[in-house]
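If you want the building blocks of each chain, they are given just below.
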Amino acid sequence: VYLILTAQLIVTTLCVLIAFLVEPVRIFQRRFSWIAIVTSVITIIVLYALACFRKLARSVPTNYILLTVLTLAESYTISFIASYYDPNTVLIAFLLTSAIVVALTLYAIFTRTDFTTCGGVLLVLGVGLALGAIVGIFLRSKVYTMIIAVISAILFGIYLVFDTQLVIGKNSRAYSIDDYIFAAVNLYMD
């Protein structure tokens, strides 16, 4: 699972680097911004397929094809968004995120607290956060946006611990051995 996740993160990082370092790519992305919308829709469709039709996520090579499509689509979307920001800001966010992910992964592995029982609470909080973010579109408040950003970071940190514990399987719930693609995708999206 972690080798698959590492491959996904390398592809995403390379896409962002290309968008930053190759001016024609950045110009292309900005000129054809609709492609980012298409790749976002593709990401949602593939996520739906993997989550709702578990047989797809468990059948080789279909699962690897869907994983590749999802990773490329999400990587393009992320590179498109990142290209609008200062490269130093993106680098700092990358480094901070990496440190937090490593720390939370170690915590998930070594803690005695079982986060795998929190699935329902996390779903409710996630839906509440999504609705709050939609409200934020209309409020246009920097303070509200910051609050949503902080809550998002905390919630997805908890999701990361939750999914990591499902992967390692030492608690009350665990992924099946056949769910390696689904597990990698969940960690990637976290």
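Just so it is clear, the model here is predicted, and its values are computed rather than measured. Counting restarts for each chain, with residues numbered from 1 along the sequence as it is written. It should be noted that, the model being predicted, local features are given only for residues of pLDDT at least 70 and side-chain atom pairs only at 80 or more, the latter also being counted only at that level, while totals for whole chains, interfaces and linings use all residues. Side-chain calculation: all heavy atoms of the structure are included, whereas hydrogens and water are not.

Caption draft 1: Inspection of the overall build of the protein chain at higher detail. The secondary structure listing takes helices from DSSP runs of H or I that are at least 4 residues long and strands from runs of E that are at least 2 residues long, numbered from the N terminus. Each helix and strand in the protein chain was counted, giving nine helices and zero strands. Taken over C-alpha atoms, the radius of gyration is set against a globule rule of 2.2 Å times the number of residues to the power 0.38. Over its C-alpha atoms the protein chain spans a radius of gyration of 17 Å, differing by no more than 12% from the 16 Å that the globule rule assigns to 190 residues. Out of the 190 residues belonging to the protein chain, those deemed buried represent 33%. Put simply, of all contacts in the protein chain between residues at least 6 apart along the chain, 78% involve residues at least 24 apart. Accessible surface is estimated by sampling points in the Shrake-Rupley manner with a 1.4 Å probe; for residues, cover comes only from the protein chains shown. Working note: accessible area of the protein chain is about 11600 Å², and carbon and sulfur atoms make up 76% of it. This count recognises Lys and Arg as positive and Asp and Glu as negative, with His and chain-terminal groups excluded. Where a charge lies is defined by one atom per residue type, namely NZ (Lys), CZ (Arg), CG (Asp) and CD (Glu). Taking the average location of the 11 positive side-chain charges in the protein chain and that of its 8 negative ones, the two points are 4 Å from each other. Burial classes: relative accessible area under 20% of the type maximum marks a residue as buried, over 50% as exposed, and values in between as partly exposed (1.4 Å probe, protein chains only). Contacts are assigned to residue pairs that have any heavy atoms within 4.5 Å of one another.

Caption draft 2: Molecular detail of unusual backbone geometry. Residue P61 follows V60 across a cis peptide bond; omega there is 5°. Assignment of secondary structure puts P61 in the loop between helix 4 (54-58) and helix 5 (62-82). A positive phi angle is found at R140, which is not glycine, with a value near 50°. Structurally, R140 is set in the loop between helix 7 (119-139) and helix 8 (142-168). What makes R140 exposed here is its relative accessible area of 75%.

Caption draft 3: Examining helix 1 (residues 2-21) more closely. Expected helix span is computed as 1.5 Å times (number of residues minus one). End to end, helix 1 covers 28 Å across 20 residues, agreeing with the expected 28 Å (1.5 Å per residue, within 8%). If you check which residues of helix 1 are buried, you get I4, L5, Q8, T12, V16, A19 and F20. Summarising the axial view, the buried residues of helix 1 lie within an arc of 150°, below the 170-degree limit, and thus occupy one face. Counted as exposed and oriented over 90 degrees from the buried face of helix 1: L3 and L21. The inward-facing, buried residues of helix 1 contact helix 2 (23-31), helix 5, helix 6 (87-110) and helix 9 (180-189). It is the directions from the helix axis to the C-beta atoms whose arc is reported.

Caption draft 4: Structural context of the nonpolar core. Take the buried residues of types Ala, Val, Leu, Ile, Met, Phe, Trp, Tyr and Cys, join any two whose side-chain atoms come within 4.5 Å, and each joined set is a nonpolar core. In terms of nonpolar packing, the biggest core is built from 24 residues, with L50, I181 and V185 touching the most fellow members. Mapped onto this core, the elements with two or more residues apiece are helix 1, helix 3 (34-52), helix 5, helix 7, helix 8 and helix 9. Broken down by element, this core gets its largest block of residues, seven residues, from helix 9. The contact partners of V185, leaving out residues within four places of it in the chain, are Q8, L47, L50, L67 and L70.

Caption draft 5: Spatial organisation of the environment of R54. Note on placement: R54 falls in helix 4. Separated by 24 residues in sequence, R54 and R30 place their C-alpha atoms 36 Å apart. Apart from residues lying up to four places away in sequence, R54 is in contact with D179 and F182.

Shape is all these values report; function is a separate question.
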